[in-house]
Amino acid sequence: MSKIVAIVNQKGGVGKTTTAVNLAAAVGAKGKKVLLADIDAQGNATSGFGINKKDIALSTYDLLINKVKAEDILVKTAYENVWVLPANMNLAGAEVELVDIPKRESRLKMAIAPMDEKFDYIFLDCPPSLGIITLNGLVAADTILVPIQCEYYALEGLSQLMTTVRAVKRKYNEHLELEGVLLTMYDGRLNLTGQVVEEVKKYFPKKVYTTAIPRNVRLSEAPSYGQPVRYYDKTSKGALMYDQLASEFLRNNRKK
């Protein structure tokens, strides 16, 4: 059985898609079979693996709205052990279309259920909002991974996210747990970074990853080449940190 991890934060620009792409690639490189479901209409996780969004005949829109099978959408990437359920702008209309559909919050869960035996981990790259598509991600997931940038507004909106998670847990998915909190855009030289880290650890005791992701030029450049950073520049700080995060993630998930 695969473990399903939703990578979620309703705040944009926190390194959510960067984490989805690079963690998926790093876990795949460590020998685990990984599926990345792109459920963000921007489709950045899709292009981050070198998949041209214009060439996609079927996307996660069809998965959610037209009940197309996941196996008919699945794309094998050029990278080790990683498959993608791609997204494009068609998904932008799904928020509205899902409103009138019965069991709208469970569409993703039902759609990816057949993938359960095929992968070790399924990562969901959720949109930067708390709409119906993110709700689908939370209902489908076993755990959530929350990237938080080391900046002044980092904790703003987090209480809203956790309130939503508690409501989802109560109404739809009693097994949903917090996988971990990842500090991104980390700069240990700044006093502010230390303050944010302290606050985050207070807010999420024992759930903050030891690994923190720094600001890194190579990490920013890699998506424009359609490559995860470990394949773009394996020796860069960004690649090394995501590799370290993958090791920490897998250690935490070692079968007891």
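See the structure printed just above.
Residues numbered from 1 in each chain as written. Predicted model: local features only at pLDDT ≥ 70, side-chain atom pairs only at ≥ 80, totals over all residues. Heavy atoms only, no water.

A. Seen up close, the packing of aromatic side chains. Scanning the entire structure with this criterion turns up eight aromatic pairs. Plain terms: the ring middles of F49 and Y79 are 6.0 Å apart, the flat faces sit at 50° to each other, and that makes the pair tilted. Residue F49 is found in the loop between α2 (44-48) and α3 (60-65), and its partner Y79 is found in the loop between β3 (75-76) and β4 (82-85); the two are separated by 30 residues along the sequence. Neither F49 nor Y79 differs from the other in exposure class; each is buried. Residues Y121 and F249 carry aromatic rings whose centres are separated by 5.1 Å and whose planes lie at 65° to one another, so their mutual orientation is edge-to-face. On the criterion of sequence distance, the pair formed by Y121 in strand β5 (residues 121-125) and F249 in helix α11 (residues 237-252) is long-range, its members being 128 residues apart. An aromatic cluster of three or more residues is present, and its members are F49, Y79 and Y231. Its end group placed over the ring of F119, K33 keeps NZ or CZ at 5.6 Å from the ring centre. (Phe/Tyr/Trp six-rings, centres within 6.5 Å; stacked < 30°, edge-to-face > 60°. Helix = DSSP H or I, 4+ residues; strand = E, 2+ residues; numbered from the N terminus. Buried < 20%, exposed > 50% of the residue type's maximum accessible area, 1.4 Å probe, protein only. Lys NZ or Arg CZ within 6 Å of the ring centre and 35° of its normal.)

B. Layout of the environment of R251. In this structure, R251 sits in helix α11. Along the sequence, R251 and K206 sit 45 residues apart, while their C-alpha atoms lie 15 Å from each other.

C. View of the packing of helix α6 (residues 132-140) against helix α7 (residues 158-171). Running from N to C, α6 and α7 point in directions that differ by 55°, and their axes come no closer than 10 Å. Between α6 and α7, the interaxial angle falls into the category oblique. For the element pair α6 and α7, the recorded crossing hand is right-handed. On α7, the residues that touch L135, L138 and V139 of α6 are T164, V165 and V168. (Axes fitted to C-alpha atoms, helices over the stretch in contact; angles between N-to-C directions. Parallel < 35°, antiparallel > 145°, perpendicular 65-115°, else oblique. Left-handed = near helix turned anticlockwise from the far one by under 90°. Contact = heavy atoms within 4.5 Å.)

D. Representation of the packing of helix α1 (residues 16-29) against α11. In contact at an axis separation of 9 Å, α1 and α11 are set at 70° when each is read in the N-to-C sense. When the axes of α1 and α11 are compared, the pair comes out roughly perpendicular. On α11, the residues that touch T18, T19, N22, L23, A26 and V27 of α1 are Y242, D243, L245, A246, F249 and L250. Here the contact of α1 with α11 is composed, by residue class, of eight nonpolar, three polar and one charged. (Nonpolar A, V, L, I, M, F, W, Y, C, P; charged D, E, K, R; others polar.)

E. Summary view of α1. Relative to the 20 Å expected for 14 residues at 1.5 Å per residue, α1 spans 20 Å between its end C-alpha atoms, a close match to the ideal helical length. Across the 14 residues of α1, twelve count as buried, placing the element largely inside the fold. Burial in α1 covers these residues: K16, T17, T19, A20, V21, N22, L23, A24, A25, A26, V27 and G28. Positive phi shows up at G31, right after α1, with a value of about 95°. (Expected span 1.5 Å × (residues − 1).)

F. Spotlight on the pattern of salt bridges. As enumerated under the stated definition, the model contains ten salt bridges in all. For D233, the salt bridge goes to R218, with nearest N and O atoms at 2.9 Å. Of the two residues, D233 sits in the loop between α10 (229-232) and α11 while R218 sits in helix α9 (residues 217-221), which places them 15 residues apart along the sequence. Classification of R218 by relative accessible area gives partly exposed; the value is 35%. Taking the shortest distance from any N to any O, the salt bridge between R230 and D243 comes out at 3.3 Å. With R230 in helix α10 and D243 in helix α11, this pair connects stretches of sequence that are 13 residues apart. Residue classification places R230 among the buried positions, given a relative accessible area of 15%. Counted as one network, the salt bridges with shared partners bring together K16, D40 and D125. (Salt bridge = Lys/Arg side-chain N within 4 Å of Asp/Glu carboxyl O.)

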